[in-house]
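# Descriptive analysis of the structure
Each chain is listed here by its residues.
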Amino acid sequence: MAYDDVPGGDPRGRWCPKCQLPIREGEPTTRMHFREDPDGSRGLSGPWHGECARPYWDKITPVLNRLRGLG
């Protein structure tokens with residue numbers, strides 16, 4: 001069988017956990033880290049497409065800015 005059932009086992013490279021599509025060379029990516037999946041074994045932590053990660057950053061950025069005293 002050409003593909004493994006584990007995230008990242010595909011010869012085309014890693015897959016984005018949100019959209020379930022391969023992350024191709026040169027595509028904008030964001031490395032996401034979830035406390036519940038520190039080593040990425042559950043398929044959450046690791047590289048995500050930049051646009052797929054955007055909703056998380058849109059939620060957390062205002063909170064981070066308030067903590068820094070910028071907003």
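Keep in mind the model is a prediction, meaning the values are calculated, not measured.

### Section: the overall build of the protein
Check the secondary structure of the protein and you find one helix and two strands. N-terminal to C-terminal, the α/β element order of the protein is β-β-α.

### A short note on the environment of Trp 15
The residue Trp 15 is located in the segment before strand E1 (29-32) in this model. Among the residues examined, Trp 15 registers a relative accessible area of 26% and is labelled partly exposed. Taking the C-alpha atoms as reference points, Trp 15 and Gly 46, separated by 31 residues in sequence, lie 9.5 Å from one another.

### Structural notes on the side chain of Asp 37
Relative to the helices and strands, Asp 37 is located in the loop between E1 and strand E2 (46-49). Although Asp 37 lies buried, it forms no salt bridge, and the closest oppositely charged side chain, Arg 42, sits 5.4 Å away as judged by the N-O distance. At a separation of 3.0 Å, a polar atom in the side chain of Asp 37 contacts the main-chain amide nitrogen of Ser 41. In this structure the side chain of Asp 37 is engaged in a polar contact, spanning 3.3 Å, whose partner is the backbone nitrogen of Gly 43.

### Let's talk about unusual backbone geometry
Here the phi dihedral of Gln 20 falls at roughly 65°; this positive angle occurs in a residue that is not glycine. Mapped onto the elements, Gln 20 comes out in the segment before E1.

### Some remarks on the packing of aromatic side chains
Following the criterion strictly, the structure yields three aromatic pairs and no others. On the numbers, 5.8 Å between centres and 35° between planes, the contact of Phe 34 with Trp 48 is tilted. Note that Phe 34 is positioned in the loop between E1 and E2 and Trp 48 in strand E2, a separation of 14 residues in sequence. With respect to burial, Phe 34 and Trp 48 carry one shared label: buried. A centroid spacing of 5.7 Å and a plane angle of 75° characterise the contact between Phe 34 and Tyr 56, whose relative ring orientation is edge-to-face. In this pair, Phe 34 is assigned in the loop between E1 and E2 and Tyr 56 in helix H1 (residues 50-68), connecting sequence segments 22 residues apart. For Tyr 56, a relative accessible area of 39% puts it in the partly exposed group.

Reading the values: the criteria
- Residues numbered from 1 in each chain as written.
- Predicted model: local features only at pLDDT ≥ 70, side-chain atom pairs only at ≥ 80, totals over all residues.
- Heavy atoms only, no water.
- Helix = DSSP H or I, 4+ residues; strand = E, 2+ residues; numbered from the N terminus.
- Buried < 20%, exposed > 50% of the residue type's maximum accessible area, 1.4 Å probe, protein only.
- Lys, Arg positive; Asp, Glu negative; His and termini not counted.
- Salt bridge = Lys/Arg side-chain N within 4 Å of Asp/Glu carboxyl O.
- Polar contact = N/O pair within 3.5 Å; in protein donor to acceptor, adjacent residues only side chain to side chain.
- Phe/Tyr/Trp six-rings, centres within 6.5 Å; stacked < 30°, edge-to-face > 60°.

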